[in-house]
Amino acid sequence: MRRTVFNEDHEAFRETLRAFIEAEVVPVYDEWFAAGQAPRDFYYKLGELGIFGINVPEEFGGAGMDSHKFEAVLYEETARAGVQFGGSGVHVLLALPYINMLATDEQKKRYLPKFVTGEEMWAIAMTEPGTGSDLAGMKSTAKLSEDGTHYVLNGAKTFITGGVHADKVIVCARTAAPTAEDRRYGISLFAVDTKSEGYSVGRKLDKLGLRTSDTAELAFVDVKVPVEDLLGEENKGFSYLGHNLASERWGIAYGAYAQAKAAVRFATQYVQERTVFGKPVAHFQNTKFELAACQAEVDAAEAVADRATEALDAGELTPAEAASAKLFCTEVAHRVIDRCLQLHGGYGYMNEYPIARLYADNRVNRIYGGTSEIMKSIIAKNMGL
């Protein structure tokens, strides 16, 4: 089907990105996979390519684009090649919107030039041990010093993508106790320098999938955070987090669609090359029917993903629409990737085949950014139920 979501600029970016992946990522990806993370210097290459500056204003070294369509191309091309760009996704998709939305001009002058080049990689620390999706239940605290020059940060975070390599982390912490009327009150956001005394990286977590993306536990013991690194206003952090959830969930939805599309590509290629009982696997009716059904689901997910992209770029993507897109695309990807792995037979279970890695990478899509159950709750509430 003809798509209208991309223009010539996006397709030119696609060609450049595809060539970059083939030259710089594919030949060494097995090494990254074995190491459990991409090397730190890879992020400098992404900076040189301009990946980090697409949505950064021109005065701070970026391209000044106000669109997520280049990110969409990135999702498609990495999935197509069966690779990940390490923990760089959180740098752009999660951290940057908070900087663009909340940082003062003075903060942007300090943060964004190094953000664009990859000299400073960013992560965001929300989740805490024992709280999961209940962000209002966080226990980390940031208390203003008596002289008012800095906050003293204490607490712990877990499941922090990009946490090993991060140079700056947006940390959510309590600056005031919740009220009886609003347990979400009292959360603030801080740009924390990972070189600060008392800041430490704990375990690099051993994940089922996304093996090249470093994920860590973080701990803060009397970390001094200058008041100049408070993002936005005190105690309004929860509303800021909610504001950016739609774009985060769009990214997960689009990434899941791209993975499903890639899975069909991998499976189609495999069944045409693999021979059983003297025939290519593609010649069997069951193979044709399975792939046809998968393609139909991918077509539907593509339509949903494209519609959400257009709405996001127009500033019209509602929380319920983002939840619906995430729920649909991630559930489609789950079904499609599983069926495509089945068509690979035993080889589909081997990590040397991209379908196996895709199967593991995809599973988290129905968990992070809000579980499928939470998406259903959001959709149902919007329906008046």
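Conventions we followed
- Residues numbered from 1 in each chain as written.
- Predicted model: local features only at pLDDT ≥ 70, side-chain atom pairs only at ≥ 80, totals over all residues.
- Heavy atoms only, no water.
- Phe/Tyr/Trp six-rings, centres within 6.5 Å; stacked < 30°, edge-to-face > 60°.
- Helix = DSSP H or I, 4+ residues; strand = E, 2+ residues; numbered from the N terminus.
- Buried < 20%, exposed > 50% of the residue type's maximum accessible area, 1.4 Å probe, protein only.
- Lys NZ or Arg CZ within 6 Å of the ring centre and 35° of its normal.
- Core = buried A, V, L, I, M, F, W, Y, C linked by side-chain atoms within 4.5 Å.
- Contact = heavy atoms within 4.5 Å.
- Axes fitted to C-alpha atoms, helices over the stretch in contact; angles between N-to-C directions.
- Left-handed = near helix turned anticlockwise from the far one by under 90°.
- Nonpolar A, V, L, I, M, F, W, Y, C, P; charged D, E, K, R; others polar.
- Salt bridge = Lys/Arg side-chain N within 4 Å of Asp/Glu carboxyl O.
- Disulfide = S-S within 2.5 Å.

Asker: Looking at this structure, how should I read the packing of aromatic side chains?
Answerer: Each pair of aromatic rings is reported with the distance of its centres and the angle of its planes. By the definition in use, this model includes 16 aromatic pairs. Consider the rings of Tyr29 and Trp32, whose centres lie 6.0 Å apart with planes at 55°: the pair is tilted. Of this pair, Tyr29 and Trp32 are both found in helix H2 (residues 29-35), three residues apart, which corresponds to roughly one turn of the helix. Comparing Tyr29 with Trp32, the two get one shared label, buried. Positioned above the aromatic ring of Phe6 is the side chain of Arg14, whose terminal nitrogen or guanidinium carbon lies 5.2 Å from the ring centre. When the ring centre of Tyr44 is taken as origin, the NZ or CZ atom of Arg40, which lies over that ring, is 4.9 Å away.

Asker: Please explain the nonpolar core as it appears in this structure.
Answerer: Side chains that are nonpolar tend, in soluble globular proteins, to be buried together. The biggest cluster of nonpolar side chains holds 92 residues, and the ones touching the most others in it are Val25, Phe42, Phe85, Leu189, Val336 and Cys340. Among the elements that take part in this core, helix H7 (residues 237-273) stands out by supplying 17 residues, more than any other. Not counting the four nearest positions on each side in its chain, Val336 is found in contact with Ala260, Ala263, Val264, Cys294, Glu297 and Val298. Within the second largest apolar cluster, 18 residues are counted, among which are Ala166, Phe190, Leu218 and Phe220.

Asker: Which parts of the structure should I look at to understand the packing of helix H1 (residues 8-25) against helix H4 (residues 69-81)?
Answerer: When two helices pack together, their arrangement is given by the angle between the helix axes and by the axis-to-axis distance. The interhelical angle for the contact between H1 and H4, taken along N-to-C directions, is 35°, at an axis separation of 10 Å. Handedness of the H1/H4 crossing: right-handed. Contact residues: H1 offers Asp9, His10, Phe13, Arg14, Leu17, Arg18 and Ile21, while H4 offers Lys69, Phe70, Val73, Leu74, Glu76, Glu77, Thr78, Arg80 and Ala81. Grouping the amino acids of the contact of H1 with H4 by side-chain chemistry returns seven nonpolar, two polar and seven charged.

Asker: Would you mind showing me how to read the pattern of salt bridges here?
Answerer: In a structure, side chains of opposite charge can pair up when their charged atoms sit close to one another. Scanning all chains against the criterion turns up 23 salt bridges. Residue Arg357 is joined to Asp30 by a salt bridge in which the shortest nitrogen-to-oxygen separation is 2.9 Å. Here Arg357, found in helix H10 (residues 354-362), pairs with Asp30, found in helix H2; they are 327 residues apart in sequence, far enough to count as distant. Here Arg357 falls in the buried class, since its relative accessible area comes to 11%. Relative accessible area serves as the criterion here: at 51%, Asp30 is assigned to the exposed category. Between Asp229 and Arg110 there is a salt bridge, with the nearest N and O atoms lying 3.1 Å from each other. Here Asp229, found in the loop between strand E7 (215-226) and strand E8 (230-231), pairs with Arg110, found in helix H6 (residues 105-117); they are 119 residues apart in sequence, far enough to count as distant.

Asker: Please clarify how the side chain of Gln259 should be interpreted in this entry.
Answerer: Note on placement: Gln259 falls in helix H7. Excluding anything up to four places from it in sequence, Gln259 contacts Ala79, Gln84, Ile337, Leu358, Asp361, Asn362 and Asn365.

Asker: How do you make sense of the state of the cysteines when you look at a structure like this?
Answerer: By definition, a disulfide links the sulfur atoms of two cysteine residues through a covalent bond. Under the criterion given, the structure shown has zero disulfides. In this structure Cys329 is not part of a disulfide, and its nearest cysteine sulfur, from Cys294, lies 15 Å away. Under the relative-accessibility criterion, Cys329 is labelled buried at 0%.

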